[in-house]
Amino acid sequence: MNANLAALLYLVAGILFILALRGLSSPATSRRGNLYGMVGMGIAILTTLAYRPPVGLSAWLFVFAGIGIGGAIGAWRARTVAMTDMPQLVAFFHALVGLAAVLVAAGALYAPQAFGIGMPGEIHGASLVEMSIGAAIGALTFTGSVIAFLKLDGRMSGKPILLPQRHAINIGLAVALVLLIAVFVVSQSHWVFGLIVLASLALGLLIIVPIGGADMPVVVSMLNSYSGWAAAGIGFTLGNLALIITGALVGSSGAILSYIMCKGMNRSFISVILGGFGGETTAVAGGVETRPVKQGSAEDAAYILNNAAKVIIVPGYGMAVAQAQHAVREMADILKGEGVEIKYAIHPVAGRMPGHMNVLLAEANVPYDEVFELEDINSEFGQTDVAFVIGANDITNPSAKTDKSSPIYGMPVLDVEKAKTVLFIKRGMGSGYAGVENELFFRDNTLMLFGDAKKVVENIVKALA
Amino acid sequence: MAAEIQQQLLEQAQAVANTARQAAEAAQAHADQIAVGLGAAAHMGGGAIDPFVFRLAIFILAVFVGYFVVWAVTPALHTPLMSVTNAISSVIVVGALLSVGVDLASDTIDGIPGEGTLWARLFGFVALVLASVNIFGGFLVTERMLAMYKKKG
């Protein structure tokens, strides 16, 4: 196959990837988009095998073995993963892309002739720069994603771990990294390349470790972006259009998602990176809250819901943890049968990653046209009889709008308190993820339903039937 | 007498022809020099575009395409967006394929494959496994999620 044809086919693959993302503008076209993505990937792989075929039988065996082993593991993970664990899976996948970028850069350094970028020890200067940048971002993505995976999976405390002098250490490492890259470009030393990788691994670790559990949606999006830039760096080394286009797409996608997540929490990107927010065990200073709250039973809730004309359900991550989404959908079905209008309101950071809550509701067979984003539904609470808050807390806290001293002041919240009645399902009187007291509990129109989210909803369903 | 004049004329004509030839040769040499100079100038001054600039142009345009395409993605599908971007960024598999498929004879010392190519094959193989996990895992889990999104009724 000639080089021009190969380049054009890589371009076709890149365009199919653009169409894959384009398909996601609506659930109706999304599956066709995903198919475009798969076809694009197939074209990229076959083009590579035809344009620069592996040399020798053993190389072909390695190729088939690699795709077979990896494919089987990937397919198994995709089939078995629980939807609540999606953030961990995505973080894990980011780690793989990052490590693959490092390994490809290493392969290009050890055998540049296979990549057409020179001979060992005589690699073109520009390729060296691109290769080391790709490897550095890849290594950083790898360790960062591993930490994010461990925190999301609960194998590591979500508490921010703050090293003394961490900013100085990070800046020092970054400067050292730039110097190492310069030395590497001049010397082409494999040792220096190893040091670049080690410094980047350390940097990834140090950047993510201080970030608290509440900021994980931003971190996952950010690592998504990094994995794209790493791929683009390798794309420049190989002069491969499919990789360059994909890297740019993924890089900007992750950056936009990070921006949306930061906005959803009213946090600046810089302050997230600097870390130290969102410890799950933040002790609230001062005395224990003793104001009275109104407490109700499942029967009370069923009565109120049955007499409502319009109900907005506000789910949070706690609903998913309690596995209550199926019970919620069952309750909604009964109410719809009674002529009650049901809508769902989703806050941008309701789950552990962008769009997570939508997937969890979709899994429970909630139709996507009943599910609305914050800015589309927030004005409707005033004309709503019941706001049904389940497993959410901070994203409904009215003090984010009024109390300047609150740590979540300025964060966009759902205006549930404007509904005639707020039914608030909660395990106990503890504070939310951000460790902030919720003013909502003490309002006259709030009825607290204490207990496990799933149990409470099941009891409401029983009372309704 | 006439023969003498004829001889003189002939010599003069030869001399003129010689001069002309020398002038022509000089001109040719000059033209060659100019051509070389022009070629060099063309090389330095934008006659041929460095492939890097070409790739950079594509990269920057793709960043803009990504920006607009991703803002058009409905927030309800942001999780599938992340898993599918994950899957497509595994197109880094092309690099893994090149590395694992390296010609072991391309860097031999006394007929024995050099260390470099063996390392490249190893690195390439591991990268190929990782990227394949991502390709299959990413696309299939995206498909699984998208299949769950249903309309009312």
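Just so we're clear, the structure is a prediction, and the values are computed from it rather than from any experiment. (Residues numbered from 1 in each chain as written. Chains lettered and ligands numbered in written order. Predicted model: local features only at pLDDT ≥ 70, side-chain atom pairs only at ≥ 80, totals over all residues. Heavy atoms only, no water.)

A. Up close: the sheet that holds strand 7 (residues 421-426) of chain A. Residue and element names in this part refer to chain A. Ordered in space as 5-4-3-6-7-8, the six strands form an open sheet in which the pairing is parallel. Each edge of the open sheet is held by one strand with a lone partner, namely strand 5 (371-373) and strand 8 (446-450). Here the strands of the sheet are splayed against their neighbours by 25° on average, with no regard to which way each runs. Against the sheet, helix 14 (residues 356-363) touches strand 3 (310-315), strand 4 (341-346) and strand 5, its axis set at about 145° to strand 4. (Pairing = 2+ DSSP bridges. Helix = DSSP H or I, 4+ residues; strand = E, 2+ residues; numbered from the N terminus. Axes fitted to C-alpha atoms, helices over the stretch in contact; angles between N-to-C directions. Contact = heavy atoms within 4.5 Å.)

B. Geometry of the nonpolar core. Residues and elements named next belong to chain A. Ranked by size, the top nonpolar core spans 195 residues in total, and within it I313, M331, F388, I390 and I460 carry the most contacts. Looking at this core, the element that brings in the most residues is helix 4 (residues 86-110), giving 16 residues. Non-local contacts of F388, meaning those with residues more than four positions away in its chain, are made with L305, V311, I312, I313, V314, M331, L423, I425, V457 and I460. (Core = buried A, V, L, I, M, F, W, Y, C linked by side-chain atoms within 4.5 Å. Buried < 20%, exposed > 50% of the residue type's maximum accessible area, 1.4 Å probe, protein only.)

C. Main features of helix 3 (residues 57-80) of chain A. Between its first and last C-alpha, helix 3 of chain A extends 35 Å over 24 residues, near the 34 Å set by a 1.5 Å rise per residue. Turning to helix 3 of chain A, its buried residues number three or more, namely A59, V63, G66, G70, G71, G74 and A78 of chain A. Next to the buried residues of helix 3 of chain A lie helix 2 (27-51) of chain A together with helix 4 (93-100) and helix 5 (115-146) of chain B. (Expected span 1.5 Å × (residues − 1).)

D. Structural context of the domain arrangement of chain A. Residues and elements named next belong to chain A. We note that the domain assignment places domain 1 (3-273) and domain 2 (298-464) within chain A. Computed over C-alpha atoms, the centres of domain 1 and domain 2 are 37 Å apart. Contacts between domain 1 and domain 2 engage 19 residues on the former and 20 residues on the latter. For the pair domain 1 and domain 2, the two sides together bury roughly 1600 Å², of which 73% comes from carbon and sulfur. (Domains from an automatic or database assignment. Buried area = accessible area lost by both parts, 1.4 Å probe.)

E. A look at the interface of chain A and chain B. Contacts between chain A and chain B engage 105 residues on the former and 80 residues on the latter. For the pair chain A and chain B, the summed buried surface comes to about 8400 Å²; carbon and sulfur atoms form 78% of the total. It is L24, M41 and F236 of chain A that lose the most area in chain A upon contact with chain B, and together they represent 7% of the buried surface on that side. Applying the counting rule to chain A against chain B returns one salt bridge. Summed over the shared surface of chain A and chain B, the result is 17 residue pairs in polar contact (both at pLDDT 80 or more). Of all the elements in the fold, those that place two or more residues in the side of chain A that touches chain B are helix 1 (3-23), helix 2, helix 3, helix 4, helix 8 (216-238), helix 9 (241-265) and helix 14 of chain A. Of all the elements, helix 3 of chain A adds the most residues to the side of chain A that touches chain B, at 16 residues. Here the residues of the side of chain A that touches chain B sort into 69 nonpolar, 27 polar and nine charged. (Salt bridge = Lys/Arg side-chain N within 4 Å of Asp/Glu carboxyl O. Polar contact = N/O pair within 3.5 Å; in protein donor to acceptor, adjacent residues only side chain to side chain. Nonpolar A, V, L, I, M, F, W, Y, C, P; charged D, E, K, R; others polar.)

F. Seen up close, the packing of helix 8 of chain A against helix 3 (residues 78-89) of chain B. Between helix 8 of chain A and helix 3 of chain B, the least distance of the axes is 10 Å, while the angle of their chain directions is 20°. With respect to helix 3 of chain B, the element helix 8 of chain A is oriented roughly parallel. With respect to the hand of their crossing, helix 8 of chain A and helix 3 of chain B are arranged in left-handed fashion. Note on element contacts: helix 3 of chain B touches helix 8 of chain A through M82, T85 and S89 of chain B, opposite V220, S221, N224, S227 and A231 of chain A. In terms of residue class, the contact of helix 8 of chain A with helix 3 of chain B is built from three nonpolar, five polar and no charged. (Parallel < 35°, antiparallel > 145°, perpendicular 65-115°, else oblique. Left-handed = near helix turned anticlockwise from the far one by under 90°.)

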